[in-house]
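An overview of the molecular structure
In case you want the letters, here they are:
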Amino acid sequence: MARTYFGTDGIRGLVGAAPITPDFVMRLGYAAGKVLTNAQSATVKPTVLIGKDTRISGYMLEAALEAGFAAAGVDVMLAGPMPTPAIAYLTRALRLAAGVVISASHNPYQDNGIKFFSHLGAKLPDAVENAIEIELESPMSCVESDKLGRAKRLDDAQGRYIEFCKSTFPNELDLRGLKIVVDCAHGAAYNIAPHVFHELGAEVIAIGNKPDGFNINDGFGATSPDAMAAAVRAHGADLGVALDGDADRLIMCDASGRLYNGDELLYVMVMDRLTTGAVPGAVGTLMTNMALEVAFKQMGIGFARAKVGDRYVLEVMQERGWILGGEGSGHLLCLDKHTTGDGIVSALQVLSALKRSGQSLQQCTSALVLYPQTLINLKVAAGFDWHQNRAMVTEKEQVERELGDTGRVLIRASGTEPLIRVMVEAKNAEHAASMARRIADTVLA
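As the structure is a computational prediction, the values presented were derived from the model and not from experiment. (Residues numbered from 1 in each chain as written. Predicted model: local features only at pLDDT ≥ 70, side-chain atom pairs only at ≥ 80, totals over all residues. Heavy atoms only, no water.)

Among the structural elements, W386 can be located in the loop between β16 (373-379) and α13 (390-403). It is 8.6 Å that separates the C-alpha atoms of W386 and V443, two residues lying 57 residues apart in sequence. Every residue in contact with W386, bar those within four places of it in the chain, is listed here: M392, V393, K396, I411 and I420. (Helix = DSSP H or I, 4+ residues; strand = E, 2+ residues; numbered from the N terminus. Contact = heavy atoms within 4.5 Å.)

The following block contains the structure:
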């Protein structure tokens, strides 16, 4: 069925504009509560866990969700500011009916969103999201007073999650001797991530750890990693770890401030796993650098591309039974450690690889030379279909012939804006740039 509200990562938008309004979010809580109640035994009252990031709007939306769930007869546990993957973990660990995160991830504070996790700590199946959308079409009511849901705080949610993160790091290793800059993006991990790395033995310099409701992702975090790189150089640190606002993305840097994206970090994790056993394959996306695919092929490691979005990466991983995957943006998945992408857990996998090998990030990635990529975003009219633009199709085919097996062309429509994204990847940066411009000019002409 066509979706009205749910996108690839829940429901997201500008606070105060539909659908991110208190009245809609209350109805959403009620609709989700009704779907959960119908799926449960008649004698068992469902309980959901609600977490949020540090946006000022989180207070309002949390209260609206709580009211909607209570009206549907669902109990609520409130975790407060917590990373998105923490809610996934706690929902599963506490055997709850579902988890809900109030966050717009890497977006600015003016945006917010709602995403759900199943009782297994995974994104909700499409069928459940469809059922919620159908329920939203019905008027909101309220159960009898003796069946109303209750709400309570989850004691020590942060402590529980910190211990979980540490448990994904090898028992025989520690981080002693490392000075690490940890950039929390003024987001949900501000009071969690520094503790994880410190308790494993690292000297931690925390930045982006003073949220005020308005500064999430503002000049800090995985989408603004220059702050981390500058802090690493200023403090003479060994490494930098940058998370985004809800801490499911990861970008790292070495002592020189050189940045390492998700493709490079996935390479490090795969190479480390090869030292302890076979790695049948890894999953990237349509945007994953071709150098990664070539490197894996040379080593006999399978590689598959999913649509852009960690949800689709996870689907392909599950289909193939592979445990490692990710995106260049820093969404990384290790399914033997967690059910969803987790920036802190992913950083610990990279750090354990460095510790085991005795090598630096630069040394661990020296054999991987990323192909230059040029990405051009073109504003187009709503409903524009590039497949129907003969000039664009012809130029794309010509560029692909010129590249042969030394590069790639990717054209795709944005899922959230009236944009066409043209990406060309080639071994030569100038070629990539000129070819991308040739294709773009067919639309601008």
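Our next topic: a nonpolar patch on the surface. There is a patch of nonpolar side chains on the surface, built from I56, Y59 and F214 and spanning about 330 Å² of accessible area. With respect to the helices and strands, I56 occurs in the loop between β2 (47-52) and α2 (57-71). You can call I56 partly exposed: its relative accessible area is 40%. (Patch = residues over 30% accessible without salt bridge, like charges linked within 9 Å, V, L, I, M, F, W, Y side chains within 5 Å. Areas by Shrake-Rupley, 256 points an atom, 1.4 Å probe, with all protein chains shown as cover. Salt bridge = Lys/Arg side-chain N within 4 Å of Asp/Glu carboxyl O. Buried < 20%, exposed > 50% of the residue type's maximum accessible area, 1.4 Å probe, protein only.)

Within β2, six of the six residues are buried, leaving the element largely enclosed by the surrounding structure. Residues T47, L49 and G51 line one face of β2 and the alternating positions V48, I50 and K52 line the opposite face, and both faces are buried. Here β2 pairs with strand β3 (residues 75-81) via six bridges, running parallel. Across the sheet, residue T47 finds its bridge partner in β3, namely D75. Each parallel crossover has a hand, and the one from β2 via α2 to β3 is right-handed. (Pairing = 2+ DSSP bridges. Right-handed = clockwise from strand over helix to strand, strands pointing away.)

Turning our attention to the packing of helix α1 (residues 22-39) against α2. Packed helix pairs are characterised by how far apart their axes lie and by the angle those axes make with each other. It is at 7 Å that the axes of α1 and α2 come closest, and there the two elements cross at 40°. As for how α1 packs across α2, the hand of that crossing is right-handed. Within the contact between the two elements, α1 uses P22, V25, M26, G29, Y30, A32, G33 and L36 and α2 uses M60, L61, A64, L65, A67, G68, F69 and A71. Looking at the contact of α1 with α2 residue by residue, the classes come out as 13 nonpolar, three polar and no charged. (Axes fitted to C-alpha atoms, helices over the stretch in contact; angles between N-to-C directions. Left-handed = near helix turned anticlockwise from the far one by under 90°. Nonpolar A, V, L, I, M, F, W, Y, C, P; charged D, E, K, R; others polar.)

Here we come to the packing of aromatic side chains. In this structure the tally under the stated criterion is seven aromatic pairs. The interplanar angle of 15° and the centroid separation of 4.1 Å between the aromatic rings of Y89 and F164 together place this pair among those described as stacked. In this pair, Y89 is assigned in helix α3 (residues 84-93) and F164 in helix α5 (residues 157-167), connecting sequence segments 75 residues apart. In terms of burial, Y89 and F164 fall into one category: buried. Seen in terms of ring centroids, Y109 and F214 are 5.3 Å apart; in terms of plane orientation they differ by 85°. Their pairing is edge-to-face. Here F214 lies in the loop between β8 (203-207) and α7 (226-235) and Y109 lies in the loop between β4 (98-102) and β5 (111-117), a separation of 105 residues in the sequence. (Phe/Tyr/Trp six-rings, centres within 6.5 Å; stacked < 30°, edge-to-face > 60°.)

What follows deals with the sheet that holds β5. Read from one edge of the open sheet, six strands run β1-β5-β4-β2-β3-β6, paired in mixed fashion. Of all the strands in the sheet, just β1 (11-14) and β6 (151-153) have a single pairing partner and so form its edges. Looking at each pair of strands side by side, their axes are set apart by 20° on average, direction ignored. Contacts from α2 reach β2, β3, β4, β5 and β6, with the element oriented near 170° to β2. Sheet contacts for α3: β2, β3, β4 and β5; angle to β4, the most-contacted strand, approximately 165°.

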